[in-house]
Amino acid sequence: MNLDEAIRKVPDFPKPGILFYDVTSIFTNPEAYKYVVEQMVSLYKNVEVSGVIAIESRGFLLGSCFAVERGVPLVLARKKGKLPGKTLEESYALEYGQATLQIHSEDLKPGRWLIIDDLIATGGTLEAVAKMVLRQGAEVAGMFGVIGLPFLKYEEKIGAYHPRTLINYSGE
Ligand code: AMP
């Protein structure tokens, strides 16, 4: 499977100078989607994971597959204002702009949580979720993104949580 070929690249989206790596082109490609899920699950086969936190929205489509495969709970990290119950909340800086994520606090039980998103750029999104996990007294089992952009130095921010990716791109 050539994963690179399965990822659509869109220059200057959502603003000039950003090369957008669009994983929705994986979801429309059953062979690529299956490959990504299998690889992701196999990366953690020897890692104790008691639950998955998937990040809105493309992370949902990876985290849900992982949760079903491993038979563990799936918790959604959603953009502010979408969750009806009592929430934990964390704001953070994006590669482009700012955002706030929320998680239903009662769902984030003690245990080892794997945090899943589609892409890791600066690591700010995953770090925000990790802060909520730690604030609840739970643990971070690991972090996963299909794509990594190491030139944005996410290792400096979240390296301690052992982020794993399936494919990395340089900034050139
Ligand atoms: P960060 O918090 O900087 O690691 O950014 C990761 C989040 O922003 C993920 O949810 C990605 O979907 C999105 N993102 C950031 N940069 C890009 C990019 N160049 N292409 C696609 N998605 C991106």
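Before reading further, recall that the structure is shown in the block above.
Just so it is clear, the structure is predicted and the values come from calculations on it, not from any experiment.

Colleague: An account of helix H3 (residues 30-43) is requested, with residue identities and associated values reported.
Modeller: Taking 1.5 Å as the rise per residue, H3 with 14 residues should run 20 Å; its terminal C-alpha atoms sit 20 Å apart, in good agreement. When we look at burial in H3, the residues that qualify are Ala32, Tyr33, Val36, Val37, Met40 and Val41. Buried residues along H3 cover an arc of 160° about the axis, so they all sit on one side. H3 presents Glu31 and Lys34 as exposed residues on the side facing more than 90 degrees away from its buried surface.

Colleague: Provide a residue-level description of the side chain of Glu90, including the pertinent values.
Modeller: Its location among the elements puts Glu90 in strand S5 (residues 87-93). Sequence-distant contacts of Glu90, that is, excluding residues within four places in its chain, are made with Ala99, Thr100, Leu101, Ala128, Lys131, Met132 and Arg135.

Colleague: How would you explain unusual backbone geometry if you had to name every residue and give the values?
Modeller: A cis amide bond links Phe13 to the next residue, Pro14, at an omega of 0°. Looking at where Pro14 falls in the secondary structure, it is placed in the loop between strand S1 (8-11) and strand S2 (19-22). For the bond from Glu56 to Ser57, the omega torsion is -10°, close enough to zero to count as cis. Assignment of secondary structure puts Ser57 in the loop between strand S3 (51-55) and helix H4 (60-70). Residues other than glycine seldom take positive phi values, yet Asp12 does so here, at roughly 60°. Mapped onto the secondary structure, Asp12 falls in the loop between S1 and S2.

Colleague: An account of the pattern of salt bridges is needed here, citing residue identities and associated values.
Modeller: For the structure shown, the criterion picks out nine salt bridges. Salt-bridge contacts for Lys34 lead to Glu38; the nearest nitrogen and oxygen are separated by 2.9 Å. One end of the pair, Lys34, and the other, Glu38, are both in helix H3, four residues apart, so they sit about a helical turn from each other. A relative accessible area of 52% means that Lys34 is categorised as exposed. Overall, the relative accessible area of 42% leaves Glu38 in the partly exposed class.

Colleague: Could you give an account of the packing of H3 against H4, with specific residues and numbers?
Modeller: Interhelical geometry of H3 versus H4 gives an angle of 55° and a closest axis separation of 10 Å. Considering the angle they form, H3 stands oblique to H4. Where H3 crosses over H4, the handedness of that crossing is right-handed. Of H4, the residues touching H3 (which contributes Tyr33, Val36, Val37, Met40 and Val41) are Leu61, Leu62, Cys65, Phe66 and Glu69. When grouped by side-chain class, the residues that make up the contact of H3 with H4 number nine nonpolar, no polar and one charged.

Colleague: Can you explain the packing of aromatic side chains? Please cite residues and give values.
Modeller: Counting across every chain of the model gives five aromatic pairs. The interplanar angle of 20° and the centroid separation of 4.5 Å between the aromatic rings of Tyr21 and Tyr169 together place this pair among those described as stacked. With a gap of 148 residues between them, Tyr21 in strand S2 and Tyr169 in the segment after strand S9 (163-168) connect regions that are remote in the sequence. Among the residues examined, Tyr21 registers a relative accessible area of 7% and is labelled buried. Its relative accessible area of 13% is what places Tyr169 among the buried residues. Between the aromatic rings of Tyr44 and Phe144, the centroid separation amounts to 6.4 Å while the plane-to-plane angle is 80°, which identifies the pairing as edge-to-face. Residue Tyr44 is found in the loop between H3 and S3, and its partner Phe144 is found in strand S8 (residues 139-148); the two are separated by 100 residues along the sequence. Cluster of aromatic residues (ring-pair linked, three or more members): Tyr44, Phe66 and Phe144.

Cut-off values and rules
Residues numbered from 1 in each chain as written. Predicted model: local features only at pLDDT ≥ 70, side-chain atom pairs only at ≥ 80, totals over all residues. Heavy atoms only, no water. Helix = DSSP H or I, 4+ residues; strand = E, 2+ residues; numbered from the N terminus. Expected span 1.5 Å × (residues − 1). Buried < 20%, exposed > 50% of the residue type's maximum accessible area, 1.4 Å probe, protein only. Arc of directions from axis to C-beta. Contact = heavy atoms within 4.5 Å. Salt bridge = Lys/Arg side-chain N within 4 Å of Asp/Glu carboxyl O. Axes fitted to C-alpha atoms, helices over the stretch in contact; angles between N-to-C directions. Parallel < 35°, antiparallel > 145°, perpendicular 65-115°, else oblique. Left-handed = near helix turned anticlockwise from the far one by under 90°. Nonpolar A, V, L, I, M, F, W, Y, C, P; charged D, E, K, R; others polar. Phe/Tyr/Trp six-rings, centres within 6.5 Å; stacked < 30°, edge-to-face > 60°.

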